[in-house]
Amino acid sequence: MTHYLIVGALLFGLGLVGFLSRRNLIIVFLSTELMFQGAVVNFVAFGRLHENLQGQSFALFLLAIAAVEASLALALVVLLFRRKGTLDVEVWRAMQG
Amino acid sequence: MGTEHPWLQWALDNAWLIPVLPLLGAALVGVFGSRLLRGASHWPAILGVAGAVLLSILLYQGVGELAHEDYDRTQVVYEWFPTGAADDLQTDTHDESWFTVSFRLDPLTAIMLLTVTVVSLLVVIYSRDYMRHHNHPERGYERFFAFMALFVFSMTSLVLAGNFLLLYLGWELVGLCSYLLIGFYYQRPSAAAAAKKAFLVNRIGDFGFGIGVLLIYLTFHTLDYQVVFAATTAAMSGATDQLQQVLGLADTASATRVMLLIQDRVAIIALLLFCGAIGKSAQLPLYVWLPDAMEGPSPVSALIHAATMVTAGVYMVARCGALFVADYRVMIVVAVVGGVTALFAATIALAQYDLKRILAYSTISQLGYMFLGLGAYAADSAIFHLYTHAFFKALLFLAAGSVMHAMGGIIDVRRFGGLRKILPVTFITFVIGSLALAGFPLLSGFWSKDEIIHAALQQQPVLGYMALLTAVLTAFYTFRMVFLAFFGQEKIPAGVHAHESGGWMLWSLILLSVGAAFAGYAGVTSFTGHGFVGLFEPHGKFHEFLHPVFTPFTAALAEMQFLPGGPGSHGGEAAHDYTLMYVSAGLAILGIVVAYLCYVAAPTLPRAVRDAWPRAYRILNQKYYVDEIYDAAVIRPLRGLGDFCFGMDNYFVDGLIWVVTAVPQFLGHLLRSMQRGAMQAYGLGMVTGLIIIVVLVLTRG
């Protein structure tokens, strides 16, 4: 059981570090996906622990949502790239107060 | 209602079509004008008004066949909205009362409708060519015709109204239409200003009028003409039982109370209503909007001056005769305002050079005559003058418009002259109109004006002599205008290709000049068609027809003749009959001859006169500085107040608001620096916050 959780935490931690440190939009996006999957592993692990199917079904839903969200996010990335010709996150700071 | 003829009966039952047809025309032009109709936009307006003319003729015939008792009936078209019974309702017999859309069909309405629709139709037909240049419709062509038709709708509903609410509605609609049309060339600042002025000055009068209507409601608890007039007549003669019956009161005690109330208030009500008439019919001191209203296209001036607007005041006073005759002092006020305005405006017209402006002052002067006639208890003569005046004034304005059209928009009589040969039809029709206006014998203006002067001499000799003086001045300034514009050396402004106007314009001019010449004979031919009956007594067909409506006037007059020392006892009857006719005919000719001497035979004379009395000339030319006086006495203080309020708002109120808004703004400014737009920084913040929360939960828990 612990092993599963360690794998999940590792995935989440890697994603978090990637999200905070990388500058390439696509990598940043992939990092969020990584965090996602860390959470999914935990769901499945706890589902196994409690011996029911809720964890697994939740994981399936999460995968579906992740797929939808990925298509949307990638489309946005494509648009942003077309605008500025670069994938650097730092370029998009128009919201600066 | 009873007439045998099915057509006439149908017209009587469907009087609502008269205002609705022009409205329909206006709506059609308004909706389809700019896309579909464009250059053909005049058709719906013309057809709508023509339909109204046909129905008015049928209605006139129908009314002629009605029994006199039927005149007093109010025809309810539909119930509009409930009055919401007031708490102190003295009339407790009816459970729920309604404000209705109701019509009153009597000879006065019929005559007014006929005058209004016929003149309007000719004006609209004339406009078809006037609003085109080289056969291309002017900008806003469809807008023009939509508003014209709307104007006719407003005026016909005003005239048809059977209660004060509908009257007020028509009254305001007419004001609105005049605003829209005077400001037709809204790109021109002077036109926009003139429209605004007309509207605002009218509002001043309408304010009094509105209060008068409210006071009528508070006093009578109804706005129906029939009930109000009958109740007033009953109250003034002290017939409580009659009053009780008319108002449907419960007992004699309340009838006495209401009677005292009415006796108390009737003079105030009449004066307040008269306020509205002063504004709408351009009398002293609210006449200032009318000369400026010349900024609109000429057909609009013709419509306003002849048919649809300024006559509303005269009509209203004649209609509300029962209220006005109740106090003879009110009648004196009406007569004095009319007589003084007539003379005042005539003197201003002497020294003006703008063709249309001269006509505008002459309208004010002629309206003064009408009010003088009303004030002298000769309401039938006043309406007679209204009717003849509608023809010749519309004719004069349209002819002046034709001159203006030919002169490329120039209207100053000093800049052109001798147009007799170039514009022959316009010249002849203009002269016919001028002769009628000047009161030249046997033309329409002569008959009606004489009657008014005659009545005035009997009632208020001073005003009567003023009216005679005005008649000379009228003849003089009218022909000064004619001689300056059409006689003498041929003179055309540079760069203008002068040409006679198009067929639509000329035909309506010709038709109107026929009216201007012969309309007066309705008032001198006897009812049975026995030809010339005489000038004053008995009156002709016109007066015979109107007589039942004006019983309040005649009754009051008859009553006064018996009062020793009363206002009616001045002047001998016999001294006047035919002498006055010769006198006023002579005066009209005298005025024309003097004008001929001054402007054709000896053109240096006017200059000499002007140089002899430069100050008098300047005062007249500057219209007694009335506009300037208003500017100093009313507009400046108001503007000062406005500036003060603006300053208060700008510095004090806005300052307070600034202080209140500055606080959150400052806080926001502090917090704003935290928002960087860098996504990853937000992420870091979130994670830090999360870690803090987790640590807190773990250590506490």
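Note that the structure is predicted; figures quoted are calculated from it, not measured.

Engineer: Tell me what's going on with the nonpolar core, and back it up with residues and numbers.
Structural biologist: With 225 residues, the main nonpolar core has Phe164, Leu273, Trp289, Leu323, Phe324 and Leu374 of chain B as its most contacted residues. Residues within four places of Phe164 of chain B in sequence aside, it is in contact with Val213, Ile216, Leu223, Tyr225, Val228, Phe229, Leu273, Cys320 and Leu323 of chain B. Among the nonpolar cores identified, the runner-up in size contains eight residues, and Leu16, Met35, Val77 and Val89 of chain A belong to it.

Engineer: Before we move on, can you summarise the packing of aromatic side chains with the specific residues and values?
Structural biologist: Residue and element names in this part refer to chain B. The tally for this structure, following the rule as stated, stands at 25 aromatic pairs over all chains. Ring centres of Phe430 and Phe486 lie 5.3 Å apart, and the angle between their planes is 45°; on these two criteria the pair is classed as tilted. Of this pair, Phe430 sits in helix 18 (residues 424–438) while Phe486 is found in helix 20 (residues 461–486), placing the two residues 56 residues apart along the sequence. Looking at Phe486, the relative accessible area reads 0%, which means it is buried. Ring plane angle 80° and centroid distance 5.6 Å describe the contact between Phe550 and Phe553, whose orientation is recorded as edge-to-face. Linked through ring pairs, Phe427, Phe430, Phe479, Phe483, Phe486, Phe487 and Tyr596 together constitute an aromatic cluster. Sitting above the plane of the Tyr353 ring, Arg480 keeps its charged end 5.1 Å from the centroid.

Engineer: So what's going on with the packing of helix 13 (residues 311–319) of chain B against helix 16 (residues 355–375) of chain B? Residues and values would help.
Structural biologist: Residue and element names in this part refer to chain B. Where helix 13 meets helix 16, the closest approach of the two axes is 10 Å, and the angle between their N-to-C directions is 5°. Regarding the angle of helix 13 to helix 16, the classification is roughly parallel. For the pair formed by helix 13 and helix 16, the contact residues are Gly313, Val314, Val317 and Ala318 on the first element and Leu367, Met370, Phe371 and Leu374 on the second. Looking at side-chain class alone, the contact of helix 13 with helix 16 contains seven nonpolar, one polar and no charged residues.

Engineer: For the pattern of salt bridges, give the residues involved together with the corresponding values.
Structural biologist: Using the criterion set out here, one finds 12 salt bridges over all chains in the structure. Through salt bridges that share partners, Glu172, Arg203, Asp206 and Lys280 of chain B make up one connected network.

Engineer: Tell me about unusual backbone geometry, residues and numbers included.
Structural biologist: Residue and element names in this part refer to chain B. For the bond running from Leu284 to Pro285, omega is -5°, close enough to zero to count as cis. As for its placement among the helices and strands, Pro285 is situated in the loop between helix 10 (252–280) and helix 11 (289–292). Backbone geometry places His221, a non-glycine residue, at a positive phi of 60°. Of note, His221 is situated in the loop between helix 7 (189–220) and helix 8 (225–236). Assessed through its relative accessible area of 9%, His221 is described here as buried. Positive phi, close to 65°, is recorded for Tyr377, a residue that is not glycine. Counting through the fold element by element, Tyr377 comes out in the loop between helix 16 and helix 17 (379–406).

About the thresholds
Throughout this document, residue positions are counted from 1 along each chain, in the order its sequence is written. Ligands are numbered from 1 and chains lettered from A, in the order in which they are written. With the structure being a predicted model, the display of local features is reserved for residues of pLDDT at least 70 and the display and counting of side-chain atom pairs for 80 or more, all residues being used for whole-chain, interface and lining totals. Only heavy atoms go into the side-chain values, all of them from the structure, while hydrogens and water stay out. Side-chain atoms within 4.5 Å are what join buried Ala, Val, Leu, Ile, Met, Phe, Trp, Tyr and Cys residues into a set we call a nonpolar core. Using a 1.4 Å probe on the protein chains alone, a residue whose accessible area is under 20% of its type maximum counts as buried, one over 50% counts as exposed, and one in between counts as partly exposed. A contact between two residues is defined here by any heavy atoms of the two lying within 4.5 Å. Each Phe, Tyr or Trp ring, with Trp reduced to its six-membered ring, pairs with another whose centre is within 6.5 Å; inter-plane angles below 30 degrees give stacked pairs, above 60 give edge-to-face pairs, and intermediate values give tilted ones. Put simply, DSSP marks the helices as runs of H or I at least four residues long and the strands as runs of E at least two long, and each gets a number from the N terminus on. Only lysine NZ and arginine CZ atoms are considered, and such an atom sits over a ring when it is within 6 Å of the ring centre and within 35 degrees of the ring normal. In this analysis an axis means a line fitted to C-alpha atoms, helices contributing only their contacting stretch, and an angle means the value between N-to-C directions, from 0 to 180 degrees. Just so you know how the angles are binned, under 35 degrees is roughly parallel, over 145 roughly antiparallel, 65 to 115 roughly perpendicular, and the rest oblique. Here the term charged refers only to Asp, Glu, Lys and Arg, the term nonpolar to Ala, Val, Leu, Ile, Met, Phe, Trp, Tyr, Cys and Pro, and the term polar to all other amino acids, Gly among them. By salt bridge we mean one thing: a side-chain nitrogen of Lys or Arg within 4 Å of a carboxyl oxygen of Asp or Glu.

These figures come from the coordinates and say nothing about function on their own.
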